[in-house]
Amino acid sequence: MNYLDFEKPLAEIEGKAEELRAMARANEETDVEDEAAALDTKAADMLVELYDDLTAWRKCQVARHPARPHCSDYLSTIFTDYTPLAGDRGFADDHAVMGGLARFKDRPVVVIGQDKGNDTSSRIERNFGMARPEGYRKAIRLMELASKFGLPVVTLVDTPGAYPGKGAEERGQSEAIARSTEMCLQIGVPLVSVIIGEGGSGGAVAFATANKLAMLEHSVYSVITPEGCASILWKDAEKMREAAEALRLTAQDLLKLGVVDRIIGEPLGGAHRDRSATMDSVSNAIEAMLGELQGMDAAALVKTRREKFLAMGSKGLAA
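Residues numbered from 1 in each chain as written. Predicted model: local features only at pLDDT ≥ 70, side-chain atom pairs only at ≥ 80, totals over all residues. Heavy atoms only, no water.

1. Observations concerning the overall build of the protein
Piece 1. Looking only at helices and strands, the protein has 14 helices and 8 strands in total.
Piece 2. For a compact globule of 319 residues, the expected C-alpha radius of gyration is about 20 Å, and the protein comes in at 21 Å, within 12% of that figure.
Piece 3. Projected onto its principal axes, the C-alpha coordinates of the protein cover approximately 70 × 50 × 40 Å.
Piece 4. For the protein, buried positions account for 49% of its 319 residues. (Helix = DSSP H or I, 4+ residues; strand = E, 2+ residues; numbered from the N terminus. Rg over C-alpha atoms; globule rule 2.2 N^0.38 Å. Buried < 20%, exposed > 50% of the residue type's maximum accessible area, 1.4 Å probe, protein only.)

Okay, structure coming up:
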């Protein structure tokens, strides 16, 4: 178990319980189960207390947890017959963006998502979930394919933002993001999106301009990272806690502001503590959102999607 900074007291208690059980395994005559059980109870109570009212910054930490389920995990669990489609047909294949044809509850769909990787080698391969222009152009190609064959599109968002490197800028990063956002608004098929971790800046908007947008309970969605915001406003990245509060980036805040349509509950302690339950919840939410769009024709889907985003912000920050 990887523990976050604010979970250190919990780590100590669970560590002591494990030490006691290790002693019992080494010496069968040692009876420590009562003491270990008491520590388990104390740890369970502390977990409830820690997650009862997370600050915005702590939610950022949970959203970034390395053991949190990633796009590849959802593709292998809640989708079947996944056939990846590679490349933008112009420059290269961006491994930060995964996408292709699949079945969702026996219904054909096109699924697209950002993946951060699960270990050092895959994180480097996936560029930590930061897509280059060819990644967004791959997404555009897949959305065009979905529109051509009348397939719903499901997007899974988990990125700190688009890759800001020199090569990406030279190949038209901002144009690619804008085109992907435009394509989201144009396709005449149901488009549903789930923010499964970080929803960072235009890199997330380019996938999440959807008819229905859901967020996991401890995910975040913002125009900039708290560290980046703090560096600009206070010239001090250590002000990230204040920036996280000011950005209103939590699922709960964004639901009140009308930016997202629903919150998907997570297991106590975050998605990484029960990955299977989390993926079941995401699957149920996707099914419900697609069901809400069932029977709408192409014109109605495009119209309601555009109206949704034109009206965004009308509730104001007082919400």
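2. Some words on the environment of Ala 178
Piece 1. Here Ala 178 is to be found in helix α8 (residues 173–186).
Piece 2. Sequence separation between Ala 178 and Val 205 is 27 residues; the distance between their C-alpha atoms is 9.2 Å.

3. Thoughts on the nonpolar core
Piece 1. Ranked by size, the top nonpolar core spans 35 residues in total, and within it Ile 112, Met 143, Val 153, Phe 207 and Tyr 221 carry the most contacts.
Piece 2. If you list the elements that add at least two residues to this core, you get β3 (107–114), α6 (133–149), β4 (153–159), α8, β5 (191–200), α9 (201–208), β6 (212–216) and α12 (251–256).
Piece 3. Among the elements that take part in this core, α6 stands out by supplying 6 residues, more than any other.
Piece 4. Look past the residues within four positions of Ile 112 in its chain and what remains in contact with it is Val 97, Met 98, Gly 99, Ala 139, Leu 142, Met 143, Val 153, Val 154, Thr 155, Leu 156 and Phe 207.
Piece 5. By size, the runner-up hydrophobic cluster in this structure holds 26 residues, among which are Ala 102, Val 111, Ala 214 and Leu 301. (Core = buried A, V, L, I, M, F, W, Y, C linked by side-chain atoms within 4.5 Å. Contact = heavy atoms within 4.5 Å.)

4. Some points on the confidence of the model for the protein
Piece 1. The predicted model of the protein has a mean per-residue pLDDT of 93, with 98% of residues at 70 or higher.
Piece 2. At the level of individual helices and strands, the protein shows its lowest average pLDDT in helix α1 (residues 8–26), which scores 86, and its highest in β6, which scores 98. (pLDDT = per-residue confidence, 0-100.)

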